[in-house]
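Commentary on secondary and tertiary structure
What follows is the residue order along each chain.
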Amino acid sequence: MLLRRNRRLRTTEATRALVRENTITPNDFLVPLFVVEGKGIKEEIPSMPNYYRFSLDLLTTEVKALWNMGLKAVLLFVKVPDNLKDNKGTEALNPEGLMQRAIKTVKDAAPDMLVMTDIALDPYSSYGHDGIVKDGYITNDPTVSVLAQMALSHAQAGADFVAPSDMMDGRILAIRELLEKEDFKNTGIMSYSAKYASAFYGPFRDALDSAPGFGDKKTYQMDFANRDEAVKETLMDIDEGADIVMVKPGLCYLDIVRDIRDVVDVPVAVYQVSGEYSMLKAAAEKGWLDHDAVMLEQLTAIKRAGAHIIASYFAKDVVKLLG
């Protein structure tokens, strides 16, 4: 005679909901936003259906809409005009640059919105790399110095968190020390601690026109064959002052998410990247997959793996679905 029947807890939707281990809410999401110069611009990104670049005036509208949906955190990226790109990150430090104005725009539109900002030089680089290039090599220490100044500039503009996505050695410590020195003690750091050299980033690079002009990013982003290295990188970032750590990309790296979650005592973020978004949009358009069902399953898997925070282009879609 069977005394334990596990299926009793699956009998009805009410029972399944009562015992469900992981649920998705608007509070789980960090919404990436792409910003461009100009006015009246809301342009769809061809390789990211139903996702847009916004000029500052329409960014205001979008941010207010997000806030009204219950989405309370954004991650800002800017598309820099080619004439402002160089090999020094000059425009990244401009106090009246597009990123700095975007931060202020978001805060004016929704003062309580949590604003995170991308810290990397690839949108500003004439080479499309995350660092300063010398003799064909992406330098580390000169880049870190500029990244720290860039983070300070964002903090001065009103960012709540800076998010270094470059994978240079020592940049978390340099940023933390400069923020402390300049009395931005409450400005947080969300480090892209385990960011892999992935083929899933293509649509994002289309969105910002930030593809590398030569070679690839494998000398600074991580080898996707490695697992233990991710834990080492993450623990080093925490020691240097990171408040939140991130794994990027998402679905192919859920083992990494769990490895990190098991050993750290800070929040863990996951970036469900552009390629993951675009694949599902394309498959759904073809009628090959049920968009909403797969989207919810993917996001739940990321949370089940251990993510506290999910940066996702699906944030609005899923919040609308959840009602």
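This section reports on the structure supplied with the text. These numbers were taken from a predicted model, which means no experiment stands behind them.

The residue after Lys248, namely Pro249, is reached through a cis peptide bond having omega -5°. Note on placement: Pro249 falls in the loop between strand E10 (244–248) and helix H8 (254–261). In this structure, Asp135 is a non-glycine residue whose phi angle is positive, near 50°. The class for Asp135 is exposed, based on a relative accessible area of 78%.

This part takes up helix H11 (residues 315–322). Those residues of H11 that sit buried are Ala315, Asp317, Val318 and Val319. Residues of H11 that are buried sit in contact with strand E1 (29–35), strand E3 (48–54), helix H2 (56–69), helix H9 (274–286), helix H10 (291–305) and strand E12 (309–312).

Applying the stated criterion across every chain, the model contains 15 aromatic pairs. When the centroid spacing of 5.6 Å and the interplanar angle of 65° are considered together, the rings of Phe34 and Phe204 count as edge-to-face. With Phe34 in strand E1 and Phe204 in helix H6 (residues 202–208), the pair connects residues that are 170 residues apart, well separated along the chain. By the burial criterion, Phe34 is buried, and Phe204 matches it. Relative to Tyr313, the ring of Tyr271 has its centre 5.9 Å away and its plane inclined at 45°; by these criteria the two rings are tilted. Of the two residues, Tyr271 sits in strand E11 (residues 268–272) while Tyr313 sits in the loop between E12 and H11, which places them 42 residues apart along the sequence. As far as burial versus exposure is concerned, Tyr271 and Tyr313 are alike and both buried. By way of ring pairs, the aromatic residues Phe34, Tyr51, Phe77, Tyr192, Phe204, Tyr271, Tyr277, Tyr313 and Phe314 are connected into one cluster. Lying across the ring of Tyr52, Lys42 places its NZ or CZ 4.7 Å from the centre. If you follow Lys248 out to its NZ or CZ, it ends over the ring of Phe204, 5.2 Å from the centre.

Cut-off values and rules
- Residues numbered from 1 in each chain as written.
- Predicted model: local features only at pLDDT ≥ 70, side-chain atom pairs only at ≥ 80, totals over all residues.
- Heavy atoms only, no water.
- Helix = DSSP H or I, 4+ residues; strand = E, 2+ residues; numbered from the N terminus.
- Buried < 20%, exposed > 50% of the residue type's maximum accessible area, 1.4 Å probe, protein only.
- Contact = heavy atoms within 4.5 Å.
- Phe/Tyr/Trp six-rings, centres within 6.5 Å; stacked < 30°, edge-to-face > 60°.
- Lys NZ or Arg CZ within 6 Å of the ring centre and 35° of its normal.

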